[in-house]
Amino acid sequence: MNAARIDVHLDEAAAGRSLRAEAAAGLTAARRTLSSMWLYDARGSELFEAITRLPEYYPTRAERAALNRAAVDIAEIVEADTLIELGSGAAEKTRLLLDAMGKQGALRRFVPFDVSAAALRGSAADIAADYPDLEVHGIVGDFTRHLHTLPGGGRRLLAFLGGTIGNLLPAERAAFLAEARQALQPGEWLLLGTDLVKPEATLIAAYDDAQGVTAEFNRNVLRVLNRELAADFDPERFQHVAHWDAEAEWIEMRLRAKSASRVRIAALGLTVDFAEGEELRTEVSAKFRPETVTAELGAAGFRLHRQWTDPDGLFAVSLAEADR
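Residues numbered from 1 in each chain as written. Predicted model: local features only at pLDDT ≥ 70, side-chain atom pairs only at ≥ 80, totals over all residues. Heavy atoms only, no water.

## A closer look at the packing of helix α3 (residues 59-78) against helix α4 (residues 94-104)
Selection rule: In this analysis, axes come from line fits to C-alpha atoms, helices being fitted only over the stretch in contact, and the angle between any two N-to-C directions falls in the range 0 to 180 degrees. In DSSP terms, a helix is any run of H or I states spanning at least four residues, a strand is any run of E spanning at least two, and both are numbered starting from the N terminus. Note that the term roughly parallel is reserved for angles under 35 degrees, roughly antiparallel for angles over 145, roughly perpendicular for angles of 65 to 115, and oblique for everything else. Helix crossings are classified by the rotation of the near helix relative to the far one: an anticlockwise turn of less than a right angle makes the crossing left-handed, while a clockwise turn makes it right-handed. Pairs of residues are marked as contacts when any of their non-hydrogen atoms sit within 4.5 Å.
For the pair α3 and α4, interaxial distance at closest approach is 8 Å and the crossing angle is 20 degrees. Compared by their axis directions, α3 and α4 come out roughly parallel. As for how α3 packs across α4, the hand of that crossing is right-handed. Across the interface between the two elements, Arg64, Leu67, Asn68, Ala71, Val72, Ile74, Ala75 and Glu76 from α3 touch Leu96, Leu97, Ala100, Met101 and Gln104 from α4.

Here it is as structure tokens:
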């Protein structure tokens, strides 16, 4: 049986140090924030998978539809022998690319890259079992810090799907794309998934569903802080809020204090007071226009080759070549 190789560049100790540093800075800032990566513990990942199946949450379905349209063309254009996927998760949409690239004939290696060791080990084992002729080389890491660990050799396609790039602020996006360009050789490829700007009502519904699954997902970050940092947040005292910032063109997920409360974070030796109505931002999800994607790729040293959308024009996948 084909066995997956796993390299670990982000262990639990490093993740814990990062959480402590970010929580200390974010919870004491004038505008309180947490990184969206802390939403995704085991329970958070389960809740997000449930979100992707909700009728209001269009991005997963729309991206799959775009990839269905694009996969064969992508395989023929790039002729890559290695597919690298950042934030691979369960690698479900990835199979569209693996199948198309396998039929094209050059594919020999798949490199899933994820911050969650448990999720990566599971998905890597599944891919190795289902594609026995494929070398599977998983990497546990943070895509904002560990792109230099990507294996080289061959002709590579680096995929960053799910609209995850929208979770980065503009300066962070620019830094990420520059590092992605540095990690690739001239003539290699980047496949980028971006959610597109659309009516506010559609966006708010997607991030504040009628069943309350997204609200539970958002509040779960407080349970992560309680468990990992010996905090005493009462998640039920915080209301989930989805806000569309029309100027920045992004959705913000926030937790709003229903009443004044004092929270102790024992592992940090920190006490934080929340006033009634005060908010903690837990995620930014930027939405893009086609010309914005082209400009940001170009600034980082990529040349947009082709862009596909789903039939309704909700989500785009963009194929860009590293400049020679």
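## Examining the sheet that holds strand β11 (residues 279-286)
Quick reminder of the rule: DSSP bridges decide pairing: two strands pair if at least two such bridges lie between them.
Taken in spatial order, the three strands of this open sheet run β7-β8-β11, and their pairing is antiparallel. Each edge of the open sheet carries a strand with a single partner, namely β7 (238-245) and β11. Here the average twist between neighbouring strands, direction ignored, is 20 degrees. Two strands pair when backbone bridges link them, and β7 and strand β8 (residues 250-257) are joined in this way by eight bridges, in the antiparallel orientation. Considered in β8, the bridge of Trp244 is made with Ile251. Its contacts with the sheet place helix α7 (residues 200-207) against β7, β8 and β11, and it is angled at close to 150 degrees to β7.

## With respect to the UniProt feature "binding site: L-histidine" (unreviewed entry) in the chain
The test is simple: UniProt positions are given in the numbering used here, feature names are shortened, and annotations may be inferred rather than shown by experiment. The classification of residues rests on relative accessible area computed with a 1.4 Å probe and restricted to protein chains. Under 20% of the type maximum is buried, over 50% is exposed, and intermediate values are partly exposed.
The UniProt record annotates "binding site: L-histidine" (unreviewed entry) at Tyr57, Asn167, Tyr207, Glu283, Val284 and Ser285. With respect to the helices and strands, the residue Tyr207 is situated in helix α7. Residues in contact with Tyr207, not counting those within four places in the same chain, are Tyr57, Asp195, Thr214, His240, Ala242, Ile251, Met253, Glu283, Ser285 and Lys287. Among the secondary structure elements, Glu283 is positioned in strand β11. The class for Glu283 is buried, based on a relative accessible area of 8%. Discounting chain neighbours no more than four positions away, the residues touching Glu283 are Ser36, Leu39, Tyr40, Asn167, Tyr207, Ile251, Glu252 and Met253.

## Notes on the pattern of salt bridges
To keep things clear, this is the line we draw: Any carboxyl oxygen of Asp or Glu within 4 Å of a side-chain nitrogen of Lys or Arg constitutes a salt bridge here.
Taken as a whole and assessed by the stated rule, the structure comprises 25 salt bridges. Where Arg108 meets Asp81, a salt bridge forms, and the shortest distance between an N and an O atom there is 3.5 Å. Of the two residues, Arg108 sits in the loop between α4 and β3 (109-114) while Asp81 sits in the loop between α3 and β2 (82-86), which places them 27 residues apart along the sequence. The partly exposed category is assigned to Arg108, whose relative accessible area is 36%. Bridged by salt links that share partners, the residues Arg31, Glu252, Arg254, Arg256, Glu279 and Arg281 form one connected network.

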